[in-house]
Amino acid sequence: MHDLTQHRYFRRNQRGRDFVVSDLHGRLDRLDHQLEQQAFDPERDRLFAVGDLVDRGDNSAALIERLEERWFFSVLGNHELMLLDALADPGARVLHEHNGGRWFHRQPSGAQLYQGTLLHQHLSLAFTVETMNGSVGIIHATAPSDWRTVQEVPMDDGQWEELVWDRADYNQALRTPGLVPPVRHVTRVVHGHVSCEQPIHAGNRFWIDTLYRGGDITLMPIPALLGIPEHQRSSAG
């Protein structure tokens, strides 16, 4: 989809720490504050975002540009997808503007093309991050039942749409978390997208999009995900 990479694999960080951060929606101020709180070291540490870097907040363009930093990585969110759709098809602009994208379309065309190019160059549908205690999958909204599918099997546009938009598994996690099956062949999976008051955990999956209902972003060390028992449903933050 949009010639983006479907999956990217990251070896274990043996020099520093790895963190995951929730949907940012232009809130560069909140991100920088929390990185300072964690004493984040850009020479050694890495930060992985669950997508939705843009729209609604004041610093969407700056967050796109942060993808050029060698320590910052993000998967595709539905808001980046709407932006790329609007660049490719003017008829998709209305949906993007309705969902917080007016900032983008008010810019000169050169700035739009530059930002679109950065998204094409740096975003992937999914990441796998290796740790000393297992692998962590990162994908925006939901995941296939077997993580190898996103790693190895080419997906069509409809499948990409589902993986960045779907809320069915999250709704199941709210109603009956014990019935959410774990994603196979990965230790943990982290999502954003859904706007929750606190991180939600069901099976081996976490939803961490806390900016609006929770009042702030969630930024956590990836090893914290691996220290929570798979059957437990709780706040992860």
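Residues numbered from 1 in each chain as written. Predicted model: local features only at pLDDT ≥ 70, side-chain atom pairs only at ≥ 80, totals over all residues. Heavy atoms only, no water.

Within the secondary structure, Phe127 is located in strand β5 (residues 124–131). In the structure, Phe127 is positioned 105 residues away from Ser22 in sequence and 14 Å away in space, judged by C-alpha atoms. (Helix = DSSP H or I, 4+ residues; strand = E, 2+ residues; numbered from the N terminus.)

Here strand β2 (residues 18–21) shows two buried faces, one formed by Asp18 and Val20 and the other by Phe19 and Val21. One ladder, built from four bridges, connects β2 with strand β3 (residues 46–49); its direction is parallel. In the strand pairing of β3, Val21 is matched with Ala49. On the question of chirality, the crossover connecting β2 to the parallel β3 by way of helix α1 (residues 28–37) is right-handed. Sheet topology places β2 next to strand β10 (residues 219–221); three bridges connect them, and they run antiparallel. In the strand pairing of β10, Val20 is matched with Met220. (Buried < 20%, exposed > 50% of the residue type's maximum accessible area, 1.4 Å probe, protein only. Pairing = 2+ DSSP bridges. Right-handed = clockwise from strand over helix to strand, strands pointing away.)

For the pair helix α3 (residues 78–88) and helix α4 (residues 93–105), interaxial distance at closest approach is 9 Å and the crossing angle is 90 degrees. As summarised for this structure, α3 and α4 are arranged roughly perpendicular, according to the angle between their axes. Contacts between α3 and α4 involve His79, Met82, Leu83, Ala86 and Leu87 from the first element and Arg93, Leu95, His96, Asn99, Trp103, Phe104 and His105 from the second. Of the residues assigned to the contact of α3 with α4, the class counts are seven nonpolar, four polar and one charged. (Axes fitted to C-alpha atoms, helices over the stretch in contact; angles between N-to-C directions. Parallel < 35°, antiparallel > 145°, perpendicular 65-115°, else oblique. Contact = heavy atoms within 4.5 Å. Nonpolar A, V, L, I, M, F, W, Y, C, P; charged D, E, K, R; others polar.)

Moving on to the packing of aromatic side chains. Counted according to the given criterion, the structure contains ten aromatic pairs. Among the aromatic residues, ring-to-ring pairing joins Phe10, Phe48, Phe73 and Phe127 into one connected group. (Phe/Tyr/Trp six-rings, centres within 6.5 Å; stacked < 30°, edge-to-face > 60°.)

Bringing the confidence of the model for the protein chain into the picture now. Confidence in the prediction for the protein chain averages 95 pLDDT; 96% of positions are at 70 or higher. For residues 231–237, every residue scores under 50 in pLDDT, and the model assigns this stretch 17 contacts once sequence neighbours within four places are set aside. (pLDDT = per-residue confidence, 0-100.)

Here we take up unusual backbone geometry. The backbone of His193 sits at a positive phi, close to 85 degrees, despite the residue not being glycine. Relative to the helices and strands, His193 is located in the loop between β7 (188–191) and β8 (200–202). Of the residues examined, His193 reaches a relative accessible area of 5% and is grouped as buried. Positive phi, close to 60 degrees, is recorded for Ser195, a residue that is not glycine. Looking at the element boundaries, Ser195 is found in the loop between β7 and β8.

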